[in-house]
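# A structural walkthrough
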Amino acid sequence: DVRSQRAMAEGGGRVDRTVHKLVTCRAPTDGRGLDPDVLREVKRFARASEANVDAVFKALMAELNRQSAAVRHNAVHVCDELWARSARFRAQMAEALPTFIDRTVTFAKPPQPPKAAALLKRRAARAVAAWGATHGEHLPQVAHAERYLRGLLGERMPSAEDHGDEPADNDPRAEARRRATARVVRARYASLPAELDSEEPDLLRLLGVARECVALLVPRLEDEAAPGAEGGGAPGADLPRATERGESWGGSPPADGG
């Protein structure tokens, strides 16, 4: 490992080759993710110095320019890993976000194949959402990029907590599921009038019961509020009016002449 780190530090070509090996050794659809040993090697190299971070960042941006959507997807994964670990990497990526988004989401020239490109778009948008949630307050470029993608993608914009890689676009299976769901919803909507007609007698009966309950309660409330009703009247009406007889509340009349 030490020899490998030294060799990477001595030549940019070795950094490029190691990063390329990392992003090409797995496909995003095979469920295995990146090679953990190669990823660990890249992380250790980047941790050694800011110059190393710059070299890795440059290599990753070059991989994001390849025509393979799977390679770009894996490069986004590596960027996400380094974003959480390096302030230098975050600063570099914040400045390069327009290029990052162009190569991973908006696609001046879409990578191939389309299914992997859809996975790439979702993965990159989710990464930007996560970066905005953690560092958008201190990095305005990230907050601006997140707002831009939310306006561009609308409801298809994944959240920072969304870890599903099911593509929202260009997936025949997803389109088939949407069509099936739409058929179920339309059938359910069409059946509502008949269901309401069949339930109308029960609804009218319940409404009649509710009216009877209200009719029983409202007169009682009015009787309680009426003047002169039992238990009603003004407060204190039954109290003895001692003061009218010249008596004090103590029970003894005042002495003549004070």
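Preceding this paragraph is the structure being described.
In this report, the structure presented in the accompanying data block is examined. Everything quoted here is computed from the prediction, not taken from an experiment.

### Considering the overall build of the chain
What the chain contains, in helices and strands, is 10 helices and zero strands. The N-to-C order of helical and strand elements in the chain reads α-α-α-α-α-α-α-α-α-α. For the chain, the residues scored as buried account for 31% of the 258 residues in total. Put simply, 65% of the contacts in the chain that link residues at least 6 apart link residues at least 24 apart. Just so you have it, the chain exposes about 16,500 Å², and 54% of that area is on carbon and sulfur atoms.

### Concerning the nonpolar core
Core analysis: the biggest nonpolar cluster contains 49 residues, and Val-56, Leu-60, Phe-89, Met-93, Phe-100 and Trp-131 have the highest contact counts within it. Looking at this core, the elements that each hand over two or more residues are helix 2 (12–24), helix 3 (36–48), helix 4 (50–63), helix 5 (69–83), helix 6 (87–95), helix 7 (97–106), helix 8 (114–135) and helix 9 (140–153). With nine residues, helix 8 is the single largest residue contributor to this core. Setting aside residues up to four positions removed in sequence, Phe-89 forms contacts with Val-53, Phe-57, Leu-60, Cys-79, Leu-82 and Trp-83.

### Considerations on the packing of aromatic side chains
If you walk through the whole model with that rule in mind, you get three aromatic pairs. Ring plane angle 80 degrees and centroid distance 5.5 Å describe the contact between Phe-57 and Phe-89, whose orientation is recorded as edge-to-face. Highlighted residues: Phe-57 in helix 4 and Phe-89 in helix 6, separated in sequence by 32 residues. Taken individually, Phe-57 and Phe-89 each receive the classification buried, so the pair is uniform in this respect.

So, how was this worked out
- Residues numbered from 1 in each chain as written.
- Predicted model: local features only at pLDDT ≥ 70, side-chain atom pairs only at ≥ 80, totals over all residues.
- Heavy atoms only, no water.
- Helix = DSSP H or I, 4+ residues; strand = E, 2+ residues; numbered from the N terminus.
- Buried < 20%, exposed > 50% of the residue type's maximum accessible area, 1.4 Å probe, protein only.
- Contact = heavy atoms within 4.5 Å.
- Areas by Shrake-Rupley, 256 points an atom, 1.4 Å probe, with all protein chains shown as cover.
- Core = buried A, V, L, I, M, F, W, Y, C linked by side-chain atoms within 4.5 Å.
- Phe/Tyr/Trp six-rings, centres within 6.5 Å; stacked < 30°, edge-to-face > 60°.

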